[in-house]
Amino acid sequence: MRALHPFTLIAIAVALPALAWILPAPWGGVGTVVMAAALLLLPGGGSTVQAARAALLTAAPFWFFLFLLHGPGGAVDTGLRLTTMIGSSVWLIAALPPPRLVEAMVARGWPVSVAFLLSSTLSAVPALRLRAARLVEAQRSRGLRTRGGPLIRLAALRALALPLVLSALHEVDERALALETRGLAPGIRRTPLAPPPDSPLQQLARWGVVLGCVAALVWRIV
Amino acid sequence: MADRLTALALDRVTFHYPGSVAPALVDLSLEVRAGEVVALIGAMGAGASTLLLVAGGLAPRVVGGELTGHVRCDGRPALLLPTPWTQVSGMAFTVWDEAAFGPANLGWPRERIGSAVDRALTRVDVATLRDRDPATLSGGELQRVILAGALAMEPALLLLDEPTAELDPAGAELVWRLLRELAREGVAVLVATSDLDALPDAADRVVWLAHGGVRRAGAAREVLADPELWQADGPGSTAVAGVWHQAELPPPPPLTVADAVARVG
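Rules and cut-offs
- Residues numbered from 1 in each chain as written.
- Chains lettered and ligands numbered in written order.
- Predicted model: local features only at pLDDT ≥ 70, side-chain atom pairs only at ≥ 80, totals over all residues.
- Helix = DSSP H or I, 4+ residues; strand = E, 2+ residues; numbered from the N terminus.
- Buried ≥ 20, exposed ≤ 12 C-beta atoms within 10 Å, placed from the backbone.
- Contact = placed C-beta atoms within 7 Å.
- Rg over C-alpha atoms; globule rule 2.2 N^0.38 Å.
- pLDDT = per-residue confidence, 0-100.
- Pairing = 2+ DSSP bridges.
- Axes fitted to C-alpha atoms, helices over the stretch in contact; angles between N-to-C directions.
- Nonpolar A, V, L, I, M, F, W, Y, C, P; charged D, E, K, R; others polar.
- Parallel < 35°, antiparallel > 145°, perpendicular 65-115°, else oblique.
- Left-handed = near helix turned anticlockwise from the far one by under 90°.

Quick notes on the overall build of chain A
Here's step 1: For chain A, the helix and strand inventory stands at seven helices and zero strands.
Here's step 2: Counted from the first residue to the last, chain A has its helices and strands arranged as α-α-α-α-α-α-α.
Here's step 3: Taken along its principal axes, the extent of the C-alpha atoms in chain A is 60 × 55 × 30 Å.
Here's step 4: The 222 residues of chain A split such that 32% are buried.
Here's step 5: In chain A, 72% of the contacts between residues at least 6 apart in sequence involve partners at least 24 apart.

As for the overall build of chain B
Here's step 1: Secondary structure assignment for chain B yields nine helices and nine strands.
Here's step 2: Its C-alpha radius of gyration of 19 Å places chain B within 12% of the 18 Å reference for a compact globule of 265 residues.
Here's step 3: Across its three principal directions, the C-alpha atoms of chain B cover 60 × 45 × 35 Å.
Here's step 4: Each of the 265 residues in chain B was classed as buried or not, and the buried ones make up 51%.
Here's step 5: Counting contacts in chain B only where the partners sit at least 6 residues apart, residues at least 24 apart contribute 64% of the total.

With respect to the confidence of the model for chain B
Here's step 1: Counting all residues, the mean pLDDT for chain B is 92, and 98% of those residues have values of 70 or more.
Here's step 2: The ipTM for the predicted assembly is 0.81, set against a pTM of 0.81.

A closer look at the sheet that holds strand β3 (residues 37-42) of chain B
Adjacent strands of a sheet form backbone hydrogen bonds with each other and so pair up, either parallel or antiparallel.
Residues and elements named next belong to chain B.
Here's step 1: Strand order in this open sheet of six strands is β5-β6-β7-β3-β8-β9, and the pairing throughout is mixed. Only two strands of the sheet have a single neighbouring strand rather than two, namely β5 (77-80) and β9 (213-219). Strand-to-strand twist of the sheet, defined as the mean angle between neighbouring strand axes without regard to direction, takes the value 15°.
Here's step 2: With five bridges connecting them, strand β6 (residues 157-161) and strand β7 (residues 188-192) associate as parallel partners. Residue pairing for β7: D161 is matched across the bridge by A192.

Notes on the interface of chain B and chain A
Here's step 1: At the interface, 28 residues of chain B touch 24 residues of chain A.
Here's step 2: Contributions of two or more residues to the side of chain B that touches chain A are made by β5, α2 (95-105) and α3 (110-123) of chain B.
Here's step 3: Per element, the largest residue contribution to the side of chain B that touches chain A is six residues, and it comes from α2(B).
Here's step 4: Considered class by class, the residues forming the side of chain B that touches chain A number 16 nonpolar, ten polar and two charged.

As for the sheet that holds strand β1 (residues 6-16) of chain B
Residues and elements named next belong to chain B.
Here's step 1: Read across the sheet, three strands follow the order β2-β1-β4 without closing on themselves; strand pairing throughout is antiparallel. Unpaired on one side and paired on the other, β2 (25-33) and β4 (66-73) mark the two borders of the sheet. Shown here is a sheet whose adjacent strand axes are inclined to one another by a mean of 5°, direction ignored.
Here's step 2: Bridge count for β1 against β4 is seven bridges, and the pairing is antiparallel. Of the residues in β4, the one forming a bridge with A9 is R72.
Here's step 3: Its contacts with the sheet place helix α1 (residues 48-55) against β1, β2 and β4, and it is angled at close to 120° to β1.

Considering the packing of α3(B) against helix α4 (residues 139-152) of chain B
All names here are of chain B.
Here's step 1: For the pair α3 and α4, interaxial distance at closest approach is 8 Å and the crossing angle is 140°. Relative to α4, the element α3 lies oblique. Considering only the axes of α3 and α4, their crossing is right-handed. Residues A116, V117, A120, L121 and R123 of α3 lie in contact with α4, whose contacting residues are A148, L151 and A152.

Here we look at the environment of A:S89
Here's step 1: Here A:S89 shows up in helix α3 (residues 49-95).
Here's step 2: Placed 38 residues apart in sequence, A:S89 and A:A127 show a C-alpha to C-alpha distance of 17 Å.

In structure tokens, the structure reads:
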């Protein structure tokens, strides 16, 4: 899957949640959630077990609150759709390295600033996780208790969140300067270094996915 | 020296950061010519980093603030900031891609990018790391890679803010030797540093900044031997000169071990 063109990966990741909401519940949601799970879990899907676990952990609170608000039926209908959204998003982040997306967009003539914005968004999650892990280690070495009951964890979260946000904000300024001095400015025409290969088959598949979603929408409306 | 082209000229520059009443630079004039290494020294807050941002065209254009006076920069500048991890593009799989980030943004043909990046990686002695993920590098390795990225853009004016801060002694020596090589090739180098021991051999001129202005400027060895550098608000000088100063031996102090041996012997 990782070898596919980034636009193909994005088409799949966008189409699955779209179909989850377009197709009738609960079976539409069942189908899309199975496909998202297959992408996340099957070998060659480009994802990892950790990514699948992250998707499940993210979806779990939604199921809980949906159950409280809408009962079992509503929770299943909406929960499957939300789980598809979360699963396909997590899969996309795991399967699509941001630099590959940037190369693909630049090769197609997209503005570099737009490509970089998308790339930064996709790479922000792992970067923040890494920074948070370092902060936890630093705070622990200074005596902060991060394990124990909910109150202890809540106090630790506060001690973690503030430096995490502040350091990220501080870094934004420095990164802007660094990127500017390395030539990343609006309006530039960047040379793609290694544009990902595309193929007529993949282009056809992308159009097929789009037409499939449109057809499903028309079927539901009519 | 007089026949060399001026790569950077600051004429009576005063700069305020946004929301700041006190200026970071005050009526500062400075020239850097092609082929020379000029070092900026000074205490914390003296204005060296701000001067580099102004010289690189980033202040006030990117950081905001207000600038009066004139800044002229002939040719493309490249700026190396002191923290390598904030300078990573985030758009590269490998060290080679990271070094190619700047040249690619300049829209060069791939062949030119390839040769410029290969040469730059070799010059900073990280060619063997070319296929590594930048995220897995040590601070020193990353500093060299970022420097390679700046060199690969083939700048006419190289601006460096504490370029040896993350490096071990061998790495720092390599950088100072490289700066001399670049100057011989005609690059103008302006470097803010607290690695004063390297300056007697590495810098042509030293500019001592204090409170946003030029306190003293001149030939490196003359400025570094100035006893006023040891005043409370001064940056000091080389370690050897420091020992000489503390021992209250007669001025001018030797600046390097070799100088001291020659003086004592």
